[in-house]
Amino acid sequence: MEIRTLMESDAAAWWKIRREALQAEPQQTSVEAAAERFRQTTEDNFTLGAFEEDKLVGVATFMRETGLKERHKGRIYGVYVSALKRRKGVGRALLAALLEKAKRDSTLEQILLAVAAGQDAARQLYRSVGFVTYGTEPNSLKVGARYIDEDHMILRLY
C-alpha cells in the first residue's frame, strides 16, 4: 500500500471515494473544487490517500487552524476507508502518516476530531493512538429525519 498526499490529478479518484463515503447524501464538492483544494495543498492543510494497485481506497484530511489564537490546533476531517478494505490496517496507516506529517511542526500543540456515534472501530483506532473524548455533541448531524451524536476527541502533543 502507498500513502501519499493527494494531488490535483487525484481529484476524480477522491470524488469517487467521497461519493462512496457519503452514500445517499448529496455530493457537495465537485471534482474541480477538489482539484483546486489539492492544488493548494500546504504542510498545514493536506489530504492523504491510501492506494492499492493505483486505486484510492482510503482518505484523511488535516487542516491547521489559521486564527492567531487557535493556531496551536489542527483538525482531522473526512477519514474514510472503502468497505472492502476495512480491518486491514488502511485506516491505521493513514492516521499514522497523517500524524507523522502534522507533528513535523513543533508549534502544533493539539489535534482535534469528531467521530459519529456508532463508529466504534474508528473511535477505538483514535483511542489507540492517544486521542481522548472531551465531550459529546447531541444531534450533531442530521441525516434525513435522524439525528446522530458526535464525540469530540483530542490528542495533546505536549
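Structural notes, computed from the coordinates.

### Regarding helix H3 (residues 90-102)
Inference 1: Taking 1.5 Å of rise per residue, 13 residues should cover 18 Å, and H3 covers 18 Å from first to last C-alpha, within 8% of that figure.
Inference 2: Of all the residues in H3, the buried ones are Val90, Gly91, Leu94, Leu95, Leu98, Leu99, Lys101 and Ala102. Down the axis of H3, the buried side of the element spans an arc of 165°, and every buried residue falls inside it.

### Remarks on the side chain of glutamate 150
Inference 1: Residue position: glutamate 150 is located in strand S7 (residues 146-156).
Inference 2: Despite its burial, glutamate 150 pairs with no opposite charge; the closest candidate is arginine 123, at 9.1 Å N-O.
Inference 3: Residues in contact with glutamate 150, not counting those within four places in the same chain, are Ala114, Val115, Ala116, Ala117, Gly135, Thr136, Glu137, Ser140 and Leu141.

### Considerations on the packing of H3 against helix H4 (residues 120-128)
Inference 1: For the pair H3 and H4, the least separation of the axes is 11 Å and the interaxial angle reads 40°. One way to sum up the angle between H3 and H4 is to call them oblique. Both H3 and H4 take part in a crossing whose hand is right-handed. On the side of H3, the interface is formed by Gly91, Arg92 and Leu95, while H4 contributes Leu125, Tyr126 and Ser128.
Inference 2: Partitioning the contact of H3 with H4 into residue classes produces three nonpolar, two polar and one charged.

### Comments concerning H4
Inference 1: Burial in H4 covers these residues: Arg123, Leu125 and Tyr126. In an axial view of H4, the angular spread of the buried residues amounts to 160°, which keeps them on one side of the axis. The outward face of H4, more than 90 degrees from its buried face, is lined by the exposed residues Asp120 and Gln124.
Inference 2: Elements that come into contact with the buried residues of H4 comprise strand S4 (73-81), H3, strand S5 (110-116) and S7.
Inference 3: Just beyond H4, the residue with positive phi is glycine 130, at close to 110°.

### Some details on the environment of arginine 86
Inference 1: By secondary structure assignment, the location of arginine 86 is in the loop between S4 and H3.
Inference 2: Separated by 28 residues in the primary sequence, arginine 86 and glycine 58 place their C-alpha atoms 9.3 Å from one another.
Inference 3: In this structure arginine 86 touches Tyr80 and Val81, once residues within four positions along its chain are discounted.

### Some words on the side chain of lysine 101
Inference 1: Position of lysine 101 among the secondary structure elements: in helix H3.
Inference 2: A polar contact of 3.4 Å, which involves the side chain of lysine 101, links it to the side chain of threonine 5.
Inference 3: For lysine 101, the residues in contact, after removing those within four places along its chain, are Thr5, Glu43, Phe46 and Leu48.

### Topic: the sheet that holds strand S2 (residues 45-52)
Inference 1: If you trace the seven strands from one edge of the open sheet to the other, you get S1-S2-S3-S4-S5-S7-S6, paired in mixed fashion. Each having just a single partner strand, strand S1 (2-5) and strand S6 (132-143) make up the two edges of the open sheet. Strand-to-strand, the axes of this sheet are offset by a mean angle of 25°, without reference to chain direction.
Inference 2: Pairing of S2 with strand S3 (residues 55-64) involves eight bridges; the strand directions are antiparallel. Bridge pairing in S3 places glutamate 52 opposite lysine 55.
Inference 3: Contacting S4, S5, S6 and S7, H4 crosses the sheet at an angle of about 160° to S5.

Conventions and cut-offs
Residues numbered from 1 in each chain as written. Predicted model: local features only at pLDDT ≥ 70, side-chain atom pairs only at ≥ 80, totals over all residues. Heavy atoms only, no water. Helix = DSSP H or I, 4+ residues; strand = E, 2+ residues; numbered from the N terminus. Expected span 1.5 Å × (residues − 1). Buried < 20%, exposed > 50% of the residue type's maximum accessible area, 1.4 Å probe, protein only. Arc of directions from axis to C-beta. Lys, Arg positive; Asp, Glu negative; His and termini not counted. Salt bridge = Lys/Arg side-chain N within 4 Å of Asp/Glu carboxyl O. Contact = heavy atoms within 4.5 Å. Axes fitted to C-alpha atoms, helices over the stretch in contact; angles between N-to-C directions. Parallel < 35°, antiparallel > 145°, perpendicular 65-115°, else oblique. Left-handed = near helix turned anticlockwise from the far one by under 90°. Nonpolar A, V, L, I, M, F, W, Y, C, P; charged D, E, K, R; others polar. Polar contact = N/O pair within 3.5 Å; in protein donor to acceptor, adjacent residues only side chain to side chain. Pairing = 2+ DSSP bridges.

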